[in-house]
Structures are given as structure tokens and as C-alpha cells.
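Structural overview for review
Spelled out, the chains give:
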Amino acid sequence: MLQAVDPFPETLVYKAGGSSLAKRIFSDQVVLPTRSRRAHVSLFPTYPPGYMQASGGTVFIVHDLTWWKYPEMASAAGRYYYRPLANMWAHRATRLVTVSEAMAIEMRDYFNREVDVVSNVVAPVPFRSAAKRKVKPYFLAVGSVEPRKNLSGLWRAFQRSSLQRDFDLVLVGRQAWGTVPDGIRFTGPVSDEVLTALYQGAQAFFAASFYEGFGLPVGEATALGTPVYCSDIPAFREATSGLAQQYFDPTSIEAMSHAFTTAASASDRPLPHNPFTVERMRSQLAVVLKNAF
């Protein structure tokens, strides 16, 4: 995102402070409004502005509508603190932005206003091949541990496939407000270099989310030529450019189990494909910022 504001040389970047919710609230409601007082345009790429955001253009990026449509899958902070702010700024912001065409269609209908698209950047870190270690073949999943990722369903489908003796199911990501099913090999966060190696070494990549605004890991796997098996949702079809090996119903354990069985016996790997470049994001964001003045 920071690379995309290059056309605007007088750009100041402020990081929301504090790991605790109390510190975050102070940053949102006091620090950021004060620091942005002289700004012509303020860009909020993840979380909404505070109630007292200073005058000037405001660009608010909403990644998905989980807080509105699936609050039971959101964190308590998301439901009770961020959603009221986000709802206010979804209507008040000079420009409302999202990260995929699929989400823009959904948001235009939900908020009844114009929504711009600034695509995510899919930029896996190049990996230099090292001496290969003999490891058990594995399927890979990447994402934060939260209910909408459907990790429990993915694990049940993997169990039903009866492939545990020959394959592991590896999960990379941060521990959020969900639970990692017993049996999944959970690595926690890893470096970009290690993540790229895990993508390239996987038999296949799996994503069983019920709902997403884009699906960055799905895009990364596609960009690296890793076979992708994922939920049949609009965001994933866009993130993969329609090139996944298989799209399945994430509510069907049987369908996901069949996908594991298919992936286990597949030998061909697709060609890498990635239209989500920094240049694309930069040109889209430049137009949005200029229109926010």
C-alpha cells in the first residue's frame, strides 16, 4: 500500500498505536485526528477513522462486510467498537474503497453508494532453492485462525479422505479468535521466504472460507503455480482468475473430502499467474486519491 502512494510526494504515514484495545481507541479518537488536521486527504487502509476525524478528504478501505453480514464470525472488538465507526464512515467518507470487484458489487448494493476498487498486491517473495529435506507430503492452508476460515470443516474433510497416513495438513497464520483443530500442523506466523517455500513444496493449497473480500493466500498460491482447491465464492474466483483446480461448496464435508482425494493423486502443476501487481494497485489508488481532494 505504501508503494502505491509514490505519485504523492508529500505523504505522511502514521501507524495506529497500541496492542491493547484501550491504546487503539486513544490512537483512533485522539492521536490520528490531531495528526491529520492539516492533511488534504487521509487514507485509512484497514480500520475506520475515529469519530472526530479532522476535515479534509477521507478515503476508507473496507475489505469485506463481515462486521455487517456475519457479526457472529467477527471479534468482540469488531462487533462492538469497529463496526459502528465503519458504518458511519462507509457513508461519510469522501471515497469508499474495497479490494476486489466482487466485493465492490456487494458493497454498492449494501451501502447504496459508489465504491472504488484498489486491488490487493500479490507479491510472493522469491525463494532460492536449498538442499531438499525429506518431509512428509502435505496440503497447505494459510490464514488467520477465525471462524469464517472454516478450519474445522476443512479438518473434518481431510479426516474423511483417509489421507492422514500419507499427507499432513499444514496451517500457517496468526492465532486470532478461533480454534485450531487438533491434528492440523499449525506453524503460526512464518517469514515470507519460508511461506514461499511452503507454497512451492505443497501438494496443493486449500482454502475453505465461508466468506472473503479477496483471498490473498489464494492469489499467492496461484501466482506461484501451486494447485489451488478452494471455496466457490466470488472473491476466490477473482483472486484465482478462475484458474483453481477445483471450486467446492465449503458447507459440504463430502465435497471438500473429494477435493483432497483429487489433489492427492494429481501430478501436474499449473503455470504461475498473477495480474495483481504493484503497478496495478498504484494506478488505481492514484485515481482514488486525486478524486478525494
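Here goes a summary of the coordinates provided. (Residues numbered from 1 in each chain as written. Predicted model: local features only at pLDDT ≥ 70, side-chain atom pairs only at ≥ 80, totals over all residues. Heavy atoms only, no water.)

1. A word on the packing of helix H5 (residues 151-161) against helix H9 (residues 253-265)
H9 packs onto H5 with a crossing angle of 60° between their chain directions and a minimal axis gap of 8 Å. Overall, the two elements H5 and H9 adopt an arrangement that is oblique. Considering only the axes of H5 and H9, their crossing is right-handed. Here Gly153, Leu154, Arg156, Ala157, Phe158, Arg160 and Ser161 of H5 lie close against H9, whose contacting residues are Ile253, Glu254, Met256, Ser257, Phe260 and Thr261. Its residues assigned to classes, the contact of H5 with H9 shows six nonpolar, four polar and three charged. (Axes fitted to C-alpha atoms, helices over the stretch in contact; angles between N-to-C directions. Helix = DSSP H or I, 4+ residues; strand = E, 2+ residues; numbered from the N terminus. Parallel < 35°, antiparallel > 145°, perpendicular 65-115°, else oblique. Left-handed = near helix turned anticlockwise from the far one by under 90°. Contact = heavy atoms within 4.5 Å. Nonpolar A, V, L, I, M, F, W, Y, C, P; charged D, E, K, R; others polar.)

2. Some thoughts on the nonpolar core
Core analysis: the largest hydrophobic core is formed by 36 residues, its most contacted members being Leu140, Tyr199 and Phe205. At five residues, helix H10 (residues 278-292) tops the list of elements feeding residues into this core. Aside from chain neighbours lying at most four places away, what touches Phe205 is Leu140, Ala141, Val142, Tyr199, Pro217, Val218, Ala221, Thr226, Pro227, Val228 and Tyr229. (Core = buried A, V, L, I, M, F, W, Y, C linked by side-chain atoms within 4.5 Å. Buried < 20%, exposed > 50% of the residue type's maximum accessible area, 1.4 Å probe, protein only.)

3. Digging into helix H4 (residues 101-111)
Buried within H4 are the following residues: Ala102, Met103, Ala104, Glu106, Met107 and Phe111. Each element contacted by the buried residues of H4 is listed here: helix H2 (66-69), helix H3 (76-92), strand S3 (95-98), strand S4 (116-117) and helix H8 (234-239).

4. Re the environment of Val288
Structurally, the position occupied by Val288 is in helix H10. The spacing of Val288 and Val118 is 170 residues in sequence and 8.3 Å in space, taken between C-alpha atoms. Beyond its immediate chain neighbours, meaning those up to four positions away, Val288 contacts Val59, Arg95, Val97, Asp116 and Val118.

Bear in mind that shape data such as this cannot, by itself, settle questions of function.
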